[in-house]
Amino acid sequence: MKLQYKWLLVLLVISLSGFSSDYDWGMTGHRVTGQIAENYLTKKAKRKIAKLLDGQSLALVSTFADEIKSDEYYKSYGPWHYVNFSFDKKYGEEKPSEYGDLVQGVQKCIATLQDENSTKTTIAFSIKMLVHFIGDLHQPLHVGRGEDKGGNDIQVRWFREGSNLHRVWDSEMLDYYGMSYTELSVNMNTLSKEQIKDIQNGTTLDWVYESQKLAKQVYVSANVGEKLSYKYMYDYFPIVRSQLQKGGIRLAKILNDIFG
Ligand code: ADE
Ligand code: ZN
Ligand code: ZN
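Report follows, based on the coordinates.

About the criteria used
Residues numbered from 1 in each chain as written. Chains lettered and ligands numbered in written order. Predicted model: local features only at pLDDT ≥ 70, side-chain atom pairs only at ≥ 80, totals over all residues. Heavy atoms only, no water. Helix = DSSP H or I, 4+ residues; strand = E, 2+ residues; numbered from the N terminus. Buried < 20%, exposed > 50% of the residue type's maximum accessible area, 1.4 Å probe, protein only. Contact = heavy atoms within 4.5 Å. Areas by Shrake-Rupley, 256 points an atom, 1.4 Å probe, with all protein chains shown as cover. Lys, Arg positive; Asp, Glu negative; His and termini not counted. Charge placed at Lys NZ, Arg CZ, Asp CG, Glu CD. Axes fitted to C-alpha atoms, helices over the stretch in contact; angles between N-to-C directions. Parallel < 35°, antiparallel > 145°, perpendicular 65-115°, else oblique. Nonpolar A, V, L, I, M, F, W, Y, C, P; charged D, E, K, R; others polar. Donors = N, O, S within 2.8 Å, 3.2 Å for Na, K, Ca; no water. Tetrahedral: all angles 85-135°; square planar, octahedral: opposite > 155°, others 65-115°. Near = heavy atom within 4 Å. Polar contact = N/O pair within 3.5 Å; in protein donor to acceptor, adjacent residues only side chain to side chain. Pairing = 2+ DSSP bridges.

Right, let's get into the overall build of the chain. Scanning the chain for helices and strands turns up 12 helices and three strands. Expressed along its principal axes, the backbone C-alpha trace of the chain runs to roughly 60 × 45 × 40 Å. Across the 260 residues in the chain, those meeting the buried criterion constitute 46%. Within the chain, residue pairs in contact and separated by at least 24 positions form 75% of the contacts whose partners lie at least 6 positions apart. Total accessible area on the chain is roughly 14,200 Å²; 53% of this is exposed by carbon and sulfur atoms. In the chain, 32 positive and 31 negative side-chain charges are present, and the distance between their average locations comes to 4 Å.

See the structure below:
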């Protein structure tokens, strides 16, 4: 086989393996959550976090946990991006994964941030991971069904292209909408003080159950092979926006409780 063909074949295999679609919420979604959180930080928390992250913004570090997926060294963090458990059970009624999951990941990050003995390096690492995982927690299908990998195995069409239900929720809707993360974060719903307090109420698990409830709705929103387009955007993009906003506001609450 000529050398050029060999490389073409390698490229084809890489593209068919879905290599390029492995960014949860897409980069835009995670950056929106990071940017909104930044807007809700207290002055003190903002200053401390900026120092720990050497001036990098929460939006910038929000995609770190996806970027390290291509590094073998960080392989063990793979299962921390999602949690799958039966829709009719509470988390923990079935034995949680021994490899970790989104719930355990969030708890471990928070524990490291609260530990007085943590070093600056491990604190910075845990902030970056937490920003990402609180984003993932608000993508309904990251609290989906294990058997279809949170909708990754449910093939659908997105406009004229082949896609899957998970990818539609991670990135297709956000990409189609076409706003940058900064535009999206300044164009969120206007909320009263009471609404913000309501959103910040509850535990990580309460927020997980809320996402799972939405996941049930998402699973019946499309049939296998269905062509999703304008009507799907109209019906479901408001949920994407609202979940990103909630994620940002809740991330700020966690960080303010620790650093504020
Ligand atoms: N792989 C298995 N389950 C998944 C989920 N819910 N989200 C993303 N990736 C997964
Ligand atoms: Zn995802
Ligand atoms: Zn992720």
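So, about the packing of helix α8 (residues 165-177) against helix α12 (residues 230-259). Close contact between α8 and α12 brings their axes to 10 Å; oriented N to C, the two are set at 95°. On the basis of the axis angle, α8 is roughly perpendicular to α12. Here Leu165, Val168, Trp169, Met173, Leu174, Tyr176 and Tyr177 of α8 come into contact with α12, specifically with Tyr230, Tyr232, Met233, Tyr236, Phe237, Ile239, Val240 and Leu244. Across the contact of α8 with α12, the residue classes tally to 15 nonpolar, no polar and no charged.

Those donors, Asp24 (OD), His81 (ND1), His132 (NE2) and Asp136 (OD), are the protein atoms that reach the zinc ion (ligand 3), and they lie 1.7 to 2.1 Å from it. One can describe the donor arrangement at the zinc ion (ligand 3) as tetrahedral, given that its four donor atoms subtend angles of 93 to 130° at the metal. Written as a sequence motif, the donor residues of the zinc ion (ligand 3) are D-x56-H-x50-H-x3-D. Separating the zinc ion (ligand 3) from the zinc ion (ligand 2) is a distance of 5.9 Å. On the criterion of sequence distance, the pair formed by His81 in the loop between α5 (64-67) and α6 (102-114) and Asp136 in helix α7 (residues 120-137) is long-range, its members being 55 residues apart. By relative accessible area, which is 2% here, His81 ends up buried.

Right, let's talk about the site of ligand 1 for a bit. Lining the immediate environment of ligand 1, one finds Tyr82, Asn84, Leu141, His142, Lys149, Gly150, Asn152 and His166. Between ligand 1 and the protein, one listed contact pairs a nitrogen atom with a side-chain N or O atom of Asn84 at 2.8 Å. Taking 260 Å² as the accessible area of ligand 1 by itself, protein coverage stands at 87%.

Two pairing modes exist for strands in a sheet, parallel and antiparallel, and in both the strands are linked by backbone hydrogen bonds. Strand order in the open sheet made by the three strands is β2-β1-β3, with mixed pairing throughout. The open sheet terminates on both sides in strands that have one partner only, identified here as β2 (161-164) and β3 (227-228). Bridge analysis of strand β1 (residues 155-158) against β3 gives two bridges, and the strand direction is parallel. Considered in β3, the bridge of Arg157 is made with Lys227. Seen against the sheet, α8 touches β1, β2 and β3 and runs at an angle of roughly 125° to β2.

This part covers the coordination of the zinc ion (ligand 2). Distances from the zinc ion (ligand 2) to its protein donors, namely His142 (NE2), His166 (NE2), Asp170 (OD) and Asp170 (OD), fall within the range 2.1 to 2.5 Å. Coordination geometry of the zinc ion (ligand 2): the four donor atoms subtend angles of 55 to 151° at the metal centre, consistent with an arrangement described as irregular. The sequence pattern describing where the donors of the zinc ion (ligand 2) fall on their chain is H-x23-H-x3-D.

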